[in-house]
Amino acid sequence: MWPFSKKGPSGFSSSSTAEQVTHGVDGTGLTAIVTGASSGIGTETTRVLALRGVHVVMGVRNMIAAKDVRETILKEIPSAKVDAMELDLSSTESVKKFASEFKSSGLPLNILINNAGIMACPFKLSKDNIEMQFATNHLDTMKKTTLESKKQGRIVIVSSEAHRFSYPEGIRFDKINDQSSYNNWRAYGQSKLANILHANELTRRLKEDGVDITANSLHPGMIATNLFRHNNAMNVNVIGRLVLKNVQQGAATTCYVALHPQVKGISGKYFSDSNVAMTTSQGSDADLAKKLWDFSMNLIK
């Protein structure tokens, strides 16, 4: 994959792996939540963070798969600290239960990685913006951890270059649940644009609160994972070797933004190939970000 990729200012490129971008980084003493950790880049993110000494809590729907992931990681890294807690991001009740159980565990929270996602799926009515609620439910824990540990907290939100292909208006606030005008790819782009705007608005609010927590979004790259399960037309086996990243490369930017010292103090940015990248004008629209925040909070009340 991309054997001649050009390195960016960070010293890394699209061909860099998660292990390479975190080489020499010590995450001992840090605790991270990784959603969607039972497969794909979520699993690799969990493995590499654990390899660097981070205590990882996997937020997953499939606890059986999570158990297998944990056992595999422990075989490779006997000293790894990896736990799993049930989390269904499509269920408000599940999100609240997860947040409550995590707080009750007494664990600190230094890193929150919102990795779980689906791509270009058929229309499905959603009652609320769960990703917004998930991040919001953990802010108090992160603020407390930051104050007590004096270590910067990091929120990492996995977005996509697909944000460039949202609906023309960006976010269709008045047609979120309109099946008649639904387009699976544009809806996916809309959700990824929302991820970026969410990170940007979080940045503004965290700065207002005066807490040392950053929030950034990223594009992991095109990766051959089960995100393609709704797109039978795309033959991953045929094109995979030509244009897709492998899982080790796909998890690199997430791990870079979550752990690397180069990202310390950087917030409200969009990353790709382990480097700061440009988003669209809509992706940097502060007014649109605030409108989305208010709209989402009203949805989940």
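Assigned secondary structure in the chain consists of 11 helices and eight strands. In the chain, which comprises 301 residues, the proportion classed as buried is 50%. Summarising the internal contacts of the chain: among those between residues at least 6 apart in sequence, 76% fall at separations of at least 24. Carbon together with sulfur atoms contributes 52% to the accessible area of the chain, which is approximately 14,400 Å² in total.

Here we come to the pattern of salt bridges. In the structure shown here, the tally under the stated rule is 13 salt bridges. Arg172 is the partner of Glu169 in a salt bridge, and the nearest nitrogen-oxygen pair spans 3.0 Å. Accessibility expressed as a relative area gives 39% for Glu169, which makes it partly exposed. The salt bridge involving Arg204 is made with Glu201; its shortest N-O contact spans 2.6 Å. Taken as a pair, Arg204 and Glu201 lie in helix H7 (residues 184-209) at a separation of three residues, close to a single helical turn. One salt-bridge network, in which partners are shared between bridges, spans Glu201, Arg204, Arg205, Glu208, Lys290 and Asp294.

What follows covers the sheet that holds strand S5 (residues 153-158). Strands sit in the order S3-S2-S1-S4-S5-S6-S7-S8 across an open sheet of eight strands; the sheet is mixed. Pairing within the sheet leaves two strands with one partner each, and these edge strands are strand S3 (82-86) and strand S8 (275-277). The mean angle between the axes of side-by-side strands here comes to 25°, regardless of whether they run parallel or antiparallel. Both strand S7 (residues 270-272) and S8 contribute to a ladder of three bridges, which runs antiparallel.

To describe a pair of aromatic rings, one takes the distance between the centres and the angle between the planes. The tally for this structure, following the rule as stated, stands at four aromatic pairs. Between Trp185 and Tyr188 the ring centres are 6.3 Å apart and the planes differ by 85°, which places this aromatic pair in the edge-to-face class. Of this pair, Trp185 and Tyr188 both sit in helix H7, three residues apart, which is roughly one turn of the helix. On the basis of relative accessible area, Tyr188 is assigned to the buried category, the value being 8%. Ring centres of Tyr256 and Phe271 lie 6.2 Å apart, and the angle between their planes is 65°; on these two criteria the pair is classed as edge-to-face.

Within the largest apolar cluster, 37 residues are counted, with the highest numbers of intra-cluster contacts made by Leu49 and Met58. Taken together, the elements giving at least two residues each to this core come down to helix H1 (18-21), strand S1 (31-35), helix H2 (40-51), strand S2 (55-60), helix H3 (63-76), strand S4 (111-114), S5 and helix H10 (252-259). Of the residues forming this core, the biggest block, six residues, is contributed by H10. Sequence-distant contacts of Leu49, defined by excluding residues within four places in its chain, comprise Ala32, Val34, Val54, Val56, Ile113, Cys255 and Leu259.

This paragraph deals with the packing of H2 against H3. At a minimum axis separation of 11 Å, H2 and H3 run at an interaxial angle of 35°. The hand of the H2/H3 crossing is right-handed. Contact residues: Thr43, Thr46, Arg47 and Ala50 in H2; Val69, Ile73 and Glu76 in H3.

The rules behind these values
For every chain, the first residue of the written sequence is number 1, and numbering continues from 1 onward in sequence order. It should be noted that, the model being predicted, local features are given only for residues of pLDDT at least 70 and side-chain atom pairs only at 80 or more, the latter also being counted only at that level, while totals for whole chains, interfaces and linings use all residues. Side-chain calculation: all heavy atoms of the structure are included, whereas hydrogens and water are not. Every helix listed is a DSSP run of H or I at least four residues long, and every strand listed is a run of E at least two residues long, numbered separately from the N terminus. Each residue is placed in one exposure class: buried if its accessible area under a 1.4 Å probe, protein chains only, is under 20% of its type's maximum, exposed if it is over 50%, and partly exposed if it falls in between. Two residues qualify as a contact provided that any one of their heavy atoms is within 4.5 Å of a heavy atom in the partner residue. All accessibility values rest on the Shrake-Rupley procedure with a 1.4 Å probe; residue burial counts only the protein chains present in the view. For this document, the term salt bridge refers to a Lys or Arg side-chain nitrogen within 4 Å of an Asp or Glu carboxyl oxygen. By definition, two strands form a pair when at least two bridges between them are found by DSSP. As a rule, the C-alpha atoms of each element are fitted with a line to give its axis, helices using only the stretch in contact, and angles between N-to-C directions run from 0 to 180 degrees. Two rings belonging to Phe, Tyr or Trp (six-membered ring only in the last case) form a pair when the distance between their centres is within 6.5 Å. Interplanar angles under 30 degrees mark stacking, angles over 60 mark edge-to-face geometry, and anything in between is tilted. Put simply, buried Ala, Val, Leu, Ile, Met, Phe, Trp, Tyr and Cys residues joined by side-chain atoms within 4.5 Å make one nonpolar core. Each crossing is labelled by how the near helix is turned from the far one, with a counterclockwise turn of less than a right angle marking it left-handed and a clockwise turn marking it right-handed.

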